[in-house]
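One-letter residues, chain by chain:
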Amino acid sequence: MSSHSIKGQHHSSPPKQRSRFRRLLSELWFQVVLGAVLGIAVGFLLPSVGKQLTPLSDWFIALVKMIVIPVVFCVVSLGIASMDSLRKAGRIGVKALGYFIVLSLVSMLIGLVAANVFRPGAGMNIDPSKLDASSVPETANQSFNGIEFVNNIIPESLFGALTGHTIIAALMVSIVFGAAMNVSGESGAFLTRGIQALSTVIFKIVGWVMRLAPIGTFGALAAVVANYGTQSLQQLGILVLLFTATCIVYVLVILGSIARACGLNIFTLMRYYKAELLIALSTCSSEAVLPQLIKKLEAMGVGKSTVGIVIPSGFSFNLDGSAVYLTMASVFLAQAVGMDLSWEQQLVMVGVMMLTSKGTAGIAGGAFIVLASTLSSVGHIPLAALALIVGIDRLLNEGRVFINVLGNVMAAVVVGKWEKDYDPEQAKAALSARPAKTTESELELEQSPAGHRELVEDKV
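Scope of this entry: the structure provided in the associated data block.

What to know about the overall build of the protein chain
Alright, step 1. A tally of regular secondary structure across the protein chain gives 21 helices and zero strands.
Alright, step 2. For the protein chain, the proportion of its 460 residues judged to be buried stands at 52%.
Alright, step 3. Here the contacts in the protein chain between residues at least 6 apart in sequence split such that 85% fall between residues at least 24 apart.
Alright, step 4. Total accessible area on the protein chain is roughly 20600 Å²; 64% of this is exposed by carbon and sulfur atoms.

Shown next as structure tokens:
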């Protein structure tokens, strides 16, 4: 009997080990890490192959963008429709906007101080007339246009915003639609139930699309390593290292302090969102993780109405990583071409960037285009100097995207806490859950706490 039991124990232990390994392989974040490692290996060892793998990343991002606008519409409109009053939506919006402005200003000042203290461009003595400006994208020559900004907010038709690619236009339509459902009585309640059902279907599609994230990661990193290698790092390594160090300090000090004030630990948060952060890092696309962030924040105890307003608007207006980059890159370019900007000129530049970084939120092109439009508006630094950082912009984008994603997570928590629309106990339970449970909540809406809350709100 005893020998049988001993044999049984010996036979039962290996399957448990294999089971744990299989469970690890089923984790999205681990699959993304494997894709990243393989992509880097292919880029270094087979650069000719790596250069041909860019479409894998492009296709994955295109699939995510295909579903982002419907996600924004469902989440925002349902969040506003389920509110007791529209005043709450206004309060959330004002508080979120105030938070965005303060954090953007702090981020820009941090980038400004770091660039002035460490002076990464000092001594380069670059002659702007000898730079190859052809490498600068044509769209970089466009300065900020307030009329174009408003045009991007207002779609050509109500439902045209839901079939386009501009989040800011979809956000406006979703807010208007949700407000109308909120005050339309029984007819609005009927539409709310229909959009609730649509939301379930859309998040099922999100789960399917996210299964392809490791492939997108593999293609993105293989292409980046194959195309750039270490040449750009050798030429402009000081700027890359300084920006990376500044991003690390920003996460630990600024976001870490905000998290601590909310009763959270920044490292625990990063572990909870590890899959989303890894995907954002590898693809350099914040939009690629927006649907997942929304569901995880709801599962973490942040109210649907708060998440629905803060996250979509945050990805347009709260880009703290980009804010750090804008001031640091501007001062670096001035130093590189031998210009000595006074503090007055630098503060004027920050003021212009506060406008251009928000004003170009609906325009494709990212932080590099914002930087170019700022240089055009201020006029101190020659636009041709942008050719210096075109080659490393993809590397700098890693830090920008990481902070942008984590910063918007913290924005949703902070605004939720202000609005008493945040459950610390649920957050503690979600953050301490086993990774396997977290993965399930990412991919299956029905099994997440947010899904249960949606059913309750629907009945109300």
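The structure having been displayed, the exposition proceeds.
Thoughts on the environment of Ala 41
Alright, step 1. Of note, Ala 41 is situated in helix α2 (residues 28-45).
Alright, step 2. On the accessibility criterion, Ala 41 (31% relative accessible area) is partly exposed.
Alright, step 3. Placed 180 residues apart in sequence, Ala 41 and Leu 221 show a C-alpha to C-alpha distance of 9.1 Å.

Some remarks on helix α18 (residues 393-418)
Alright, step 1. Here α18 is 26 residues long and its end C-alpha atoms lie 36 Å apart, about the 38 Å a rise of 1.5 Å per residue gives.
Alright, step 2. Of all the 26 residues making up α18, 23 are buried; the element is thus mostly covered by neighbouring parts of the structure.

What to know about helix α13 (residues 290-299)
Alright, step 1. Counting buried positions over the ten residues of α13 gives ten, a clear majority of the element.
Alright, step 2. What α13 keeps buried is the set Leu 290, Pro 291, Gln 292, Leu 293, Ile 294, Lys 295, Lys 296, Leu 297, Glu 298 and Ala 299.
Alright, step 3. The positive-phi residue at the C-terminal boundary of α13 is Gly 301, with phi of around 105°.

Focus: the pattern of salt bridges
Alright, step 1. Counted under the stated rule, the structure contains seven salt bridges.
Alright, step 2. Between Glu 186 and Arg 193 there is a salt bridge, with the nearest N and O atoms lying 3.5 Å from each other.
Alright, step 3. Here Glu 298 and Lys 295 are joined by a salt bridge, their closest N and O atoms 2.8 Å apart. Taken together, the positions of Glu 298 and Lys 295, both in helix α13 and three residues apart, correspond to about one turn of that helix. Across the pair, exposure class does not vary: Glu 298 and Lys 295 are buried alike.
Alright, step 4. Overlapping salt bridges bring together Arg 91, Lys 95 and Glu 419 as one network.

Conventions used here
- Residues numbered from 1 in each chain as written.
- Predicted model: local features only at pLDDT ≥ 70, side-chain atom pairs only at ≥ 80, totals over all residues.
- Heavy atoms only, no water.
- Helix = DSSP H or I, 4+ residues; strand = E, 2+ residues; numbered from the N terminus.
- Buried < 20%, exposed > 50% of the residue type's maximum accessible area, 1.4 Å probe, protein only.
- Contact = heavy atoms within 4.5 Å.
- Areas by Shrake-Rupley, 256 points an atom, 1.4 Å probe, with all protein chains shown as cover.
- Expected span 1.5 Å × (residues − 1).
- Salt bridge = Lys/Arg side-chain N within 4 Å of Asp/Glu carboxyl O.

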